[in-house]
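# Structural description and commentary
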Amino acid sequence: MTTHDFNETDPFDVAPLRLTVDLGAIAENWRAMAKRSGNARAGAVVKADAYGLGIEDVGITLYEAGVRDFFVAAAEEGATLRSFAPEARIFVLSGIWAGREPIFFENDLVPVIASEEQLAFWMGVLAEHGDYPYALHVDTGFNRLGVPLEDALALADDTSRPASFSPVLVMSHLHSGDNPASLLNRQQLESFRRVAAAFEGIESSLSASAGIFLGPDYHFDLTRPGVALYGGEAVNGVANPMRPVVKAEARIIQIRNARQGETVSYGGTYQLSRESRLAIVSAGYADGYLRSLSGSGLPLRHVVRDGAFGYVAGRKVPVIGRITMDMTIFDVTDIPENEIHAGDYVELFGDNIPLDDVARAGGTIGYELLTGLGLRYERRYLDDDS
Ligand SMILES: *Cc1c(COP(=O)(O)O)cnc(C)c1O
């Protein structure tokens, strides 16, 4: 006879690592960004598996919330999204190469033509196959993707071009939208205004999350929020108005007592200044809890003084010593012994520890933390849209 009924255990309740994704918060964040987009329609960027949160659940949520213009990085992502977003336009930001036509045509994906070579290739495709929608990405200063401004203006002025050679959307991308004080935003805006004017009657799009916060001048016809939908910080130095979406938690494997003078973790880079209690937690850099979040033992700590903090038993607790592949050590000495136990969960980020605070401790941005979460999390999606 057994005293355990294994079937009754919800894997989420006992998982070493778990992730809670609040789909209702994603829908609410999208509505908030749609409202901030003013007269422009708001699309949604769901590249990289919806910033690591899961293209299926996120795609369905956004589609049901009303998104009809999605942006992905790669055609494969678009093909996956197509089954959840039957009526939407799906733009593929990396554009198209020869030989890749089938995945676009079969899934009704819109290539975002991103270079002179792609444009030449695409004009040949249109000449052969006739009308098929595409978007034109114009470089206004990012120097990543986009045809040169002059080429775009020349294309617009080419009266010999058949009507079917017109893009359905012209777009560009701001490089410093997260810095509202940057004068370069204004310069890119002026360049893009020339593009939008040259392609009069064709929809235009300039702003990702950050650009939406720059105000109505930057909104044009369609906006492309990404990170803000997932609760991330879009603008530097401003309180983040978005609802948090993700909570990452890891279980305490054991709580150890350690003596004053002893060291902690690889390299012995942290020496205990007091009798301590240490929580050994089952998340490491293989789970995207970056080594650069370590409490000590990294050159980065000379630049950004503190490593990351976790949250447990109602308190913030610091990471001490180096983060390892599968484990991280938190100093829980200040938590009364009866309030914390092996098996408890430490919040790595979520409602109490903002994602972007953790990212800053690691010298990076929330985007990178989200997209690097790794495969070991047990996931739970909350979908009450309230
Ligand atoms: C990633 C991306 C976006 C979304 O950016 P966020 O900062 O996440 O809102 C929009 N447009 C383009 C071209 C992108 O590459």
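Attention here is on the structure that accompanies the text. (Residues numbered from 1 in each chain as written. Predicted model: local features only at pLDDT ≥ 70, side-chain atom pairs only at ≥ 80, totals over all residues. Heavy atoms only, no water.)

### Topic: unusual backbone geometry
Using the following cut-off: Runs of H or I in DSSP of at least four residues are treated as helices and runs of E of at least two as strands, each being numbered from the N terminus. Think of it in three bands: residues with accessible area under 20% of the maximum for their type are buried, residues over 50% are exposed, and the middle band is partly exposed, with areas taken using a 1.4 Å probe on protein chains only.
Phi is positive for alanine 48, close to 50°, though the residue is something other than glycine. In this fold, alanine 48 is placed in helix H3 (residues 47-51). Take alanine 48: its relative accessible area is 36%, and that puts it in the partly exposed class. One non-glycine residue with positive phi stands out, namely alanine 50, at about 55°. Relative to the helices and strands, alanine 50 is located in helix H3.

### Looking at the environment of tyrosine 51
Stated formally: Throughout, a contact is declared for two residues whenever any of their heavy atoms are within 4.5 Å.
Checked against the element boundaries, tyrosine 51 lands in helix H3. Along the primary structure tyrosine 51 and glycine 366 are separated by 315 residues, whereas in three dimensions their C-alpha atoms are 9.8 Å apart. Look past the residues within four positions of tyrosine 51 in its chain and what remains in contact with it is Val45, Gly226, Val227, Tyr230, Tyr367, Leu370 and Thr371.

### Quick word on the site of the ligand
What counts is decided by this rule: Working definition: residue near molecule or strand if any one of its non-hydrogen atoms lies within 4 Å of it. Within 3.5 Å is the distance limit for a polar contact, defined as a pair of N or O atoms, with the added protein rule that one can donate a hydrogen and the other accept it, and that residues adjacent in sequence qualify only through two side-chain atoms. We call Asp, Glu, Lys and Arg charged. Ala, Val, Leu, Ile, Met, Phe, Trp, Tyr, Cys and Pro are nonpolar, and the rest, Gly among them, are polar.
Residues in contact with the ligand amount to 14 residues; listed here are only the nearest, Lys47, Tyr51, Ser209, Val227 and Tyr367. In the model, an oxygen atom of the ligand is placed 2.5 Å from a nitrogen or oxygen of the tyrosine 51 side chain. In the shell around the ligand, the residues fall into 8 nonpolar, 3 polar and 3 charged.

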